[in-house]
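Here's the letter readout for the chains.
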Amino acid sequence: MEIAEHVSTLLTQKFGVDAAAVRPEVPLRQLRMDSLALEELRLLIEDRLRIDLDDVELTSRDTVGRLVAVVADRAAA
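These numbers were taken from a predicted model, which means no experiment stands behind them.

Caption draft 1: The overall build of the chain, seen in detail. Within the chain, the secondary structure is distributed over three helices and zero strands. Whereas a compact globule of 77 residues would reach a radius of gyration of roughly 11 Å, the chain reaches 11 Å, a difference of no more than 12%. In terms of its C-alpha atoms, the chain occupies a principal-axis envelope of roughly 30 × 25 × 20 Å. A total of about 4900 Å² of accessible surface is found on the chain, and carbon and sulfur atoms cover 47% of it. For the chain, the separation between the mean place of its 10 positive charges and that of its 15 negative charges on side chains is 4 Å.

About the cut-offs
Residues numbered from 1 in each chain as written. Predicted model: local features only at pLDDT ≥ 70, side-chain atom pairs only at ≥ 80, totals over all residues. Heavy atoms only, no water. Helix = DSSP H or I, 4+ residues; strand = E, 2+ residues; numbered from the N terminus. Rg over C-alpha atoms; globule rule 2.2 N^0.38 Å. Areas by Shrake-Rupley, 256 points an atom, 1.4 Å probe, with all protein chains shown as cover. Lys, Arg positive; Asp, Glu negative; His and termini not counted. Charge placed at Lys NZ, Arg CZ, Asp CG, Glu CD.

Read these as geometric descriptors, not functional statements.
Next comes the structure, spelled out in structure tokens:
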């Protein structure tokens, strides 16, 4: 499964986001991801992909595409 698929699956299954809304250009705030939800998402991604995102700073202003890019970068390291 690709990183984008993992992120999309987590957003839809754990946070109730409509799958059609999960597009690279969409800001996370538009998906109703506040700071608490982003922290929970970060922990879920770390657990699922066995990567460390502790020093990654994401805000609700970041896009789905930026989130996927950051996660992919860490997964490749």
